[in-house]
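Summary of structural features
So you can see what is in the structure, the chains are spelled out below.
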Amino acid sequence: MVLHTMSQTVVLGVIGSDAHVVGITILEQAFSAAGFDVINLGVQTSQEEFAEAAVAHDAEAVLVSSLYGHAEQDCQGFHEVLEDAGVDAVTYIGGNLAVGQDEFERTRRTFRRLGFDRVFDSETDPEDAIAALREDLQIRPTESERATISS
């Protein structure tokens, strides 16, 4: 008999030629502590590597980090690559997504057009992303967590 755990898998990585590792290390720790299975692809991850990992681990979410300001070019065609690989996952992107002090709402619209479900700026607290993901995946507290909350 196969036991299915309730933990959800997220694939996390830094896209393109970005080599900023601190942010995803913090995210990995935060999402792991929140009960997610985290597949950390590390830095300089290609679109194809995200897609392959999402398929291999049957991920519910793909979290893309980018801090060097070139995310828009790195993410051109990203959702087509995921689609072609058969990935059906929530997609988030966050970080310092555009060079210069751009108006973030414009940046958000750009990445929504590119297909991302949610777009976060570099000031976002990991807890906010975790709360958003729980909402998007409709994760409810477990029986034991509910018992703790209501007592």
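The structure presented is a predicted model; accordingly, all values stated were derived computationally and were not measured.

What follows deals with a nonpolar patch on the surface. Judged by side-chain polarity, Val21, Val22 and Ile26 come together as a nonpolar surface patch covering roughly 260 Å² of accessible area. By secondary structure assignment, the location of Ile26 is in helix H1 (residues 22-33).

As a further point, take the environment of Thr124. Mapped onto the fold, Thr124 is located in the loop between strand S5 (118-121) and helix H6 (126-136). For the pair Thr124 and Gly94, spaced 30 residues apart in sequence, the C-alpha to C-alpha distance is 8.1 Å. A polar atom in the side chain of Thr124 sits 2.9 Å from the backbone oxygen of Asp121.

Soluble globular proteins tend to pack their nonpolar side chains together in the buried interior. Membership of the largest hydrophobic core comes to 22 residues, with the highest contact counts inside it found for Val64, Cys75, Phe78, Ile93, Phe111 and Phe116. Broken down by secondary-structure element, the contributors of at least two residues to this core are helix H2 (47-56), strand S3 (61-66) and helix H4 (78-84). Per-element tally for this core: the top contributor is H2, with four residues. With residues near it in sequence (within four places) discarded, Ile93 still touches Val64, Ala71, Cys75, Phe111, Phe116, Arg118, Val119 and Phe120.

This part takes up the packing of aromatic side chains. Applying the stated criterion across every chain yields a total of five aromatic pairs. Here Phe78 and Phe116 contribute two aromatic rings whose centre-to-centre distance is 5.7 Å and whose plane-to-plane angle is 15°, an arrangement assigned as stacked. Placement of Phe78 in helix H4 and of Phe116 in the loop between helix H5 (104-113) and S5 is noted, with a sequence separation of 38 residues between them. The two residues Phe78 and Phe116 agree in class, both being buried. A network of ring pairs unites the aromatic residues Phe50, Phe78, Phe111 and Phe116 as a single cluster.

To continue, consider the side chain of Ser66. Position of Ser66 among the secondary structure elements: in strand S3. Ser66 sits in the buried class, given a relative accessible area of 0%. Sequence-distant contacts of Ser66, that is, excluding residues within four places in its chain, are made with Ile15, Asp18, Ala71, Gly94, Gly95, Asn96 and Leu97.

Attention now goes to H1. Each full turn of the α-helix corresponds to 3.6 residues, which orients residues three or four apart in the same direction. The terminal C-alpha atoms of H1, which comprises twelve residues, lie 17 Å apart, in line with the 16 Å expected from a rise of 1.5 Å per residue. Of all the positions in H1, only Ile24, Ala30 and Phe31 are classed as buried. Projection of H1 onto a plane perpendicular to its axis shows the buried side chains occupying an angular sector of 125°, all on one side. Exposed positions of H1 whose direction lies more than 90 degrees from the buried face are Val22, Gln29 and Ala33. Buried-residue contacts for H1 involve strand S1 (9-14), strand S2 (37-40), S3 and H6. Gly35 sits one or two residues past H1 and shows a positive phi near 100°.

Further remarks concern the side chain of His79. By the element assignment, His79 lies in helix H4. If near-sequence neighbours (up to four positions away) are discounted, His79 is found in contact with Thr91, Leu114, Gly115 and Phe116.

On to the pattern of salt bridges. Evaluated as defined, the whole model comprises three salt bridges. Ionic pairing is found between Glu105 and Arg108, a salt bridge with its closest N-O pair at 2.5 Å. Residue Glu105 and its partner Arg108 are located together in helix H5, separated by three residues, close to a single helical turn. Arg118 serves as the salt-bridge partner of Glu135, at 3.2 Å between the closest nitrogen and oxygen. Taken together, the positions of Glu135 in helix H6 and Arg118 in strand S5 put the pair 17 residues apart, joining distant regions of the chain. Salt bridges sharing partners connect three or more residues here, namely Arg118, Glu135 and Asp136.

The rules behind each value
- Residues numbered from 1 in each chain as written.
- Predicted model: local features only at pLDDT ≥ 70, side-chain atom pairs only at ≥ 80, totals over all residues.
- Heavy atoms only, no water.
- Patch = residues over 30% accessible without salt bridge, like charges linked within 9 Å, V, L, I, M, F, W, Y side chains within 5 Å.
- Areas by Shrake-Rupley, 256 points an atom, 1.4 Å probe, with all protein chains shown as cover.
- Salt bridge = Lys/Arg side-chain N within 4 Å of Asp/Glu carboxyl O.
- Helix = DSSP H or I, 4+ residues; strand = E, 2+ residues; numbered from the N terminus.
- Polar contact = N/O pair within 3.5 Å; in protein donor to acceptor, adjacent residues only side chain to side chain.
- Core = buried A, V, L, I, M, F, W, Y, C linked by side-chain atoms within 4.5 Å.
- Buried < 20%, exposed > 50% of the residue type's maximum accessible area, 1.4 Å probe, protein only.
- Contact = heavy atoms within 4.5 Å.
- Phe/Tyr/Trp six-rings, centres within 6.5 Å; stacked < 30°, edge-to-face > 60°.
- Expected span 1.5 Å × (residues − 1).
- Arc of directions from axis to C-beta.

Structural measurements only, silent on function.
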